[in-house]
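Spelled out, the chains give:
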Number of protein chains: 2
Amino acid sequence: MITATIITIGDEILIGQIVDTNSVSIAKQLNAAGITVTEKLSIGDNAEQIEAALGRAHQQSQVVIITGGLGPTKDDITKHTLARIFSSSLVENKAVAEHVERMLAVRGIAFNALNRSQALVPECCTVLFNHHGTAPGMWFEQREHVTISLPGVPFEMEHLMEDEVMPRLKSYYSLRANIHRTMITSGIAESILAERIAEWEDALPADVKLAYLPSPNIVRLRLSTYDCEDETVARQQIEQLFKKLYKIIPDNIVGYEDASVQQLVHQLLTERGQTLAVAESCTGGTIASRFTAMAGSSAYFLAGVVVYANEAKRDILGVNYDDIMRYGAVSEQVARQMAEGARRITGADYAIATTGIAGPTGGSAEKPVGTVWIAVATPTHTIAMMRPSGTDRGQIVNRASAYAIEMLYKELKK
Amino acid sequence: MITATIITIGDEILIGQIVDTNSVSIAKQLNAAGITVTEKLSIGDNAEQIEAALGRAHQQSQVVIITGGLGPTKDDITKHTLARIFSSSLVENKAVAEHVERMLAVRGIAFNALNRSQALVPECCTVLFNHHGTAPGMWFEQREHVTISLPGVPFEMEHLMEDEVMPRLKSYYSLRANIHRTMITSGIAESILAERIAEWEDALPADVKLAYLPSPNIVRLRLSTYDCEDETVARQQIEQLFKKLYKIIPDNIVGYEDASVQQLVHQLLTERGQTLAVAESCTGGTIASRFTAMAGSSAYFLAGVVVYANEAKRDILGVNYDDIMRYGAVSEQVARQMAEGARRITGADYAIATTGIAGPTGGSAEKPVGTVWIAVATPTHTIAMMRPSGTDRGQIVNRASAYAIEMLYKELKK
């Protein structure tokens, strides 16, 4: 089994100024390729700490990926530390220097000594060319170990992972698959679920690991096998296990989780040549941004509206103002009219609408914070549903967006 | 200086299934109280790894906080591992048992053996009562060390940190403040900024640490001092340093702290009682969702539209279709008409519009991927600007959103 340690560098992580999403995306890619991450570590911009962490990582893993600390300023010390660890001197890489100069020229920025320093790399490393930024990635080989240093800017790191790091790792090691598959259950408490499936759990093969991932009203069950000799056989084994599980709790299985639901909707609409419009109130543009984030969405995503004000609901979507006054902006009637209005003004085949109370204020006994009405309008009919979506503004926006997209998906699958 | 190590436990973190936000909120609270986090570590649900990590953490920090692995199911092993490490046996805590039974009864769930196991705690620990969930927190003292185990459910963990852990830590140690203050600069590249402020940076006192935090079009500069003898004096020192900095780059200072530019706009519009509408094409709802994510935004945010299709630009915003055909959807003319249309249909005081090529396809020699036209319409005039926003879809959306919000901010500050 090839294992990896991920090290993210930056005081901003240790003081809680940023959320570390880099290590999440790195872990995902490594896992998908069959490299098992055994530890993730975040440390400060401190040479001693970086050296100690690398030393430890090299003892426990073949692959070490470090992000951050590659900028042009004095607080960025990763490159110098790596050069020292690998007993290598820093030399200018011509191709990188020219690339940095060109990138800055486009933005009308002069190439100065600090920028030039970005083209310095330890002599012993292979440069991973960063087409999307000025700090190059670096690849170090030492016997069975590979150490990879990547910039901390998420999209630069992601491109380098996909285009440079993963292909190289796949050819460097002979990798065997890790498989993770998650089944979503709902409406059953974790302890009751565990009791109900105890026999099935006890009979799991030794190489299959079960994890319970509880969240409100949903418990996800993940089966994992690492370092599979035969990927196809291992996948079939997991499918068989889930089939047995399904027979025990058929009413509580909501579905599987691999592709996000918006990706499934994206695929379906693209294949069918059908179109979508979105009318959002409490979700505030989140549903639109989830669809438009996907390349190719312009083929089906016609338009979205974020109608916060009652007047906007009336003027843009044609929602009946009297109904807003009578039933409230957060009501089945308004949700339905929003979805139907979005279809009408855009000519889309499908439309989603959300209207709810995202808080922290605006709740009442009858309609507490978290109350969200969701409607989906289709070519033949409109459905609406009330979904309580939590207590915290961010949580409500995210959950209500997920519920709404799921509702559309179910309609598309009917 | 009191230092801490944060350990988050769970295979779901190592395979990239979840983003670890627990350690962010713990780090924030510890830092605010003057406890310096030197390392964050994520490991799997594995007894050996947990023991090894705890051993190392105890060598380097006085405070160790562990989250996760406290559920009722078999994959949750933190409690057993802690009992072994502290050579203590597990005993049932009556108060916790009653609380778990009561919590489940409310949800109509029977109290079974698994639930009863949640009331088992190592005899040597102090129970931190979890009012919001079934897994109790635990506090272990050993000479100068404190080890704290918390449930992994974010909401439960946060309540325990605030209500139980922080008050206890503050009384257990005599703490001295850590101070972090961040200034936001815009419109100046990191390398040019570093050159411009080099003299100021070189003259910083030895105990003040500077960090550059670059993001699209914005570089934040953070000054930190740890373990301050006199908090007031240290705060004044940082203020003085920032005042000097202001004199060097007065035109590039946007604001202080981690207020994002949208928060500054939010403040200004709220204070002035003015309103905003947004018309997005390439940014696809991201600008709307940034504003609506902030509590209280409904006071000024009237509506947003995401007009991907040309017909939607015409039908919803009244953009002249001939102009779209003549100049292209990504053009100054269309951006201006979108912003003005958004003002007109909503009656908002201000409107932002974006139209660009987010890619990966749709670019041309004349208008390559990343070309974005941004317009801001105000009560008196409309401005428009072309901003090249990068090469990657996500990057283009984020940068163009940042540019657009900044353009509005500058208009508001005029």
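Along each chain, residues carry numbers from 1 onward, in the same order as the chain's sequence is written. By the order in which they are written, chains take letters starting at A while ligands take numbers starting at 1. For a predicted model such as this one, the threshold for reporting local features is a pLDDT of at least 70, and the threshold for listing and counting side-chain atom pairs is 80 or more; totals across whole chains, interfaces and linings nevertheless cover every residue. Side-chain measures here rest on the full set of heavy atoms in the structure, leaving out hydrogens and waters.

J.: Looking at this model, I keep getting lost on the sheet that holds strand S12 (residues 253-256) of chain B. Mind explaining?
T.: Two pairing modes exist for strands in a sheet, parallel and antiparallel, and in both the strands are linked by backbone hydrogen bonds. All names here are of chain B. Only strands that DSSP links by at least two bridges are regarded as paired with each other. Secondary structure is summarised from DSSP: a helix means a run of H or I of at least four residues, a strand means a run of E of at least two, and numbering begins at the N terminus for each. The strand order across the open sheet built from four strands is S10-S11-S9-S12, with neighbouring strands paired in antiparallel fashion. The sheet is open, and its two edges are formed by strand S10 (209-215) and S12, each paired on a single side. Each neighbouring strand pair of the sheet contributes to a mean axis angle of 25 degrees, computed without reference to strand direction. Pairing between strand S9 (residues 179-186) and strand S11 (residues 218-225): eight bridges, direction antiparallel. If you follow Thr-185 over to S11, its bridge partner there is Val-219. For helices, the axis comes from a line fit to the C-alpha atoms of the stretch in contact; other axes are also lines fit to C-alpha atoms, and the angle between any two N-to-C directions lies between 0 and 180 degrees.

J.: Hey, could you run me through the nonpolar core in this one?
T.: To qualify as a nonpolar core, a set must consist of buried Ala, Val, Leu, Ile, Met, Phe, Trp, Tyr and Cys residues joined through side-chain atoms within 4.5 Å. Any residue under 20% of the maximum accessible area for its type is buried, any over 50% is exposed, and the rest in between are partly exposed; the area is computed with a 1.4 Å probe on protein chains only. Ile-7 of chain A together with Ile-7 and Leu-223 of chain B are the most contacted members of the largest nonpolar core, which totals 67 residues. For this core, the leading source of residues is helix H10 (residues 231-248) of chain B, giving five residues. Contact definition: two residues touch when any of their heavy atoms are within 4.5 Å. For Ile-7 of chain B, the residues in contact, after removing those within four places along its chain, are Leu-41, Ile-43, Ala-53, Leu-54, Ala-57, Val-64, Ile-65, Ile-66 and Thr-67 of chain B.

J.: Explanation requested: the packing of aromatic side chains in the structure shown.
T.: For any pair of aromatic rings, the description consists of the separation of the ring centres together with the inter-plane angle of the planes. Stacked, tilted and edge-to-face are the three classes assigned to paired rings of Phe, Tyr and Trp, where Trp is represented by its six-membered ring and a pair needs centres within 6.5 Å; plane angles under 30 degrees give stacked, over 60 edge-to-face, the rest tilted. Summed over all chains, the structure comprises 12 aromatic pairs over all chains. Measuring from ring centre to ring centre gives 6.3 Å for Phe-291 of chain A and Tyr-300 of chain A, while their planes differ by 85 degrees; the resulting arrangement is edge-to-face. Note on Phe-291 of chain A: relative accessible area 0%, which makes it buried. With 4.4 Å between their ring centres and 5 degrees between their planes, Phe-86 of chain B and Phe-140 of chain B make a pair best called stacked. With Phe-86 of chain B in the loop between helix H4 (78-85) and strand S4 (90-92) and Phe-140 of chain B in strand S7 (residues 137-142), the pair connects residues that are 54 residues apart, well separated along the chain. Taking relative accessible area as the criterion, Phe-86 of chain B reaches 11% and is therefore assigned buried. Using a relative accessible area of 2% as the deciding quantity, one classes Phe-140 of chain B as buried. Each member of the aromatic cluster is reached from another via a ring pair, and the members are Phe-291, Tyr-300 and Phe-301 of chain A together with Tyr-308 of chain B. The criterion for a charge sitting over a ring is simple: Lys NZ or Arg CZ within 6 Å of the ring centre, and within 35 degrees of the ring normal. Stacked on the ring of Tyr-403 of chain B, the Lys or Arg Arg-387 of chain B has its end atom at 3.8 Å from the ring centre.

Everything listed here is a matter of geometry and, on its own, says nothing about what the molecule does.
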